[in-house]
Amino acid sequence: MLDAARRQFAAAGFKGATIRAIAADAGVDAALVMQFFRSKDELFGAVMSISPEALSRIAGAFSGPLESVGEQAVRAYLAVWEGDQPDADALRAMLRGAVSNEQAGAQLREFIESRLSEGVRHFGSDPHDAELRAALASSMLIGITVGRQIVRVSVLAEEDREAIVRRVGPALQALLVPPRSPTCCPNG
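Keep in mind that this is a model prediction, so the values were computed, not measured.

**Notes on the environment of Val146**
Alright, step 1. With respect to the helices, strands and loops of the structure, Val146 is situated in helix H9 (residues 127-150).
Alright, step 2. With a relative accessible area of 28%, Val146 lands in the partly exposed category.

Given below as structure tokens:
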């Protein structure tokens, strides 16, 4: 049932997916789905579980060299969103659902912002600045995903992932890694 729900939410979003369609996809009666999950909201919450491997890929973006954090973050993010089918389907469902469902929006924010915020905090900027940098980077990454996978802007959807990493990495680098303060006084 969870695999069927994942497929339906990914294809139709929270509003468009129905318990009846999910049950039909799973080959079970709709009453059985309701017996196990009680509501569409509870089923959606169960579907949104993301594998630990996907979470660690994004967290790992900050473990490499400081000068390539931007590229590492874009690469890790795209690998998760475009990688293993269960994780990618769950994330697309979360993205579609975030527009109309607060639970999905909260899960999407948690998934993206918390990982970026944790990484940005290591660079020593003040907490508000770190949160703002993470939010801006999250917005860029979500926009790329929407363009590639939801709206399917042709040139973006067809572009090689590494080409996108090379173009977006420097912008993300500027957001995620705060400028270093001068080590010496201007008067000598």
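**Comments concerning the nonpolar core**
Alright, step 1. Counting residues in hydrophobic clusters, the biggest one holds 50 residues, and the most contacted among them are Phe9, Leu43, Leu116 and Leu176.
Alright, step 2. Sort the elements by how many residues they give to this core and helix H6 (residues 69-81) lands first, with eight residues.
Alright, step 3. If we ignore the near neighbours within four places in the chain, the residues touching Leu43 are Leu2, Ala5, Phe9, Ile19, Ile22, Val33 and Phe37.

**Here's the deal with the pattern of salt bridges**
Alright, step 1. Considering all chains together, one arrives at seven salt bridges under this definition.
Alright, step 2. Asp3 is paired through a salt bridge with Arg6; the nearest N and O atoms lie 3.0 Å apart. Of this pair, Asp3 and Arg6 are both found in helix H1 (residues 2-16), three residues apart, which corresponds to roughly one turn of the helix.
Alright, step 3. On the basis of relative accessibility, which here comes to 48%, the residue Asp3 falls in the partly exposed class.
Alright, step 4. For Arg6, a relative accessible area of 11% gives the class buried.
Alright, step 5. A salt bridge links Arg7 to Asp25; the shortest N-O distance between them is 3.2 Å. Of this pair, Arg7 sits in helix H1 while Asp25 sits in helix H2 (residues 19-26), and the two are 18 residues apart along the sequence.
Alright, step 6. The class for Arg7 is partly exposed, based on a relative accessible area of 40%.

About the thresholds
- Residues numbered from 1 in each chain as written.
- Predicted model: local features only at pLDDT ≥ 70, side-chain atom pairs only at ≥ 80, totals over all residues.
- Heavy atoms only, no water.
- Helix = DSSP H or I, 4+ residues; strand = E, 2+ residues; numbered from the N terminus.
- Buried < 20%, exposed > 50% of the residue type's maximum accessible area, 1.4 Å probe, protein only.
- Core = buried A, V, L, I, M, F, W, Y, C linked by side-chain atoms within 4.5 Å.
- Contact = heavy atoms within 4.5 Å.
- Salt bridge = Lys/Arg side-chain N within 4 Å of Asp/Glu carboxyl O.

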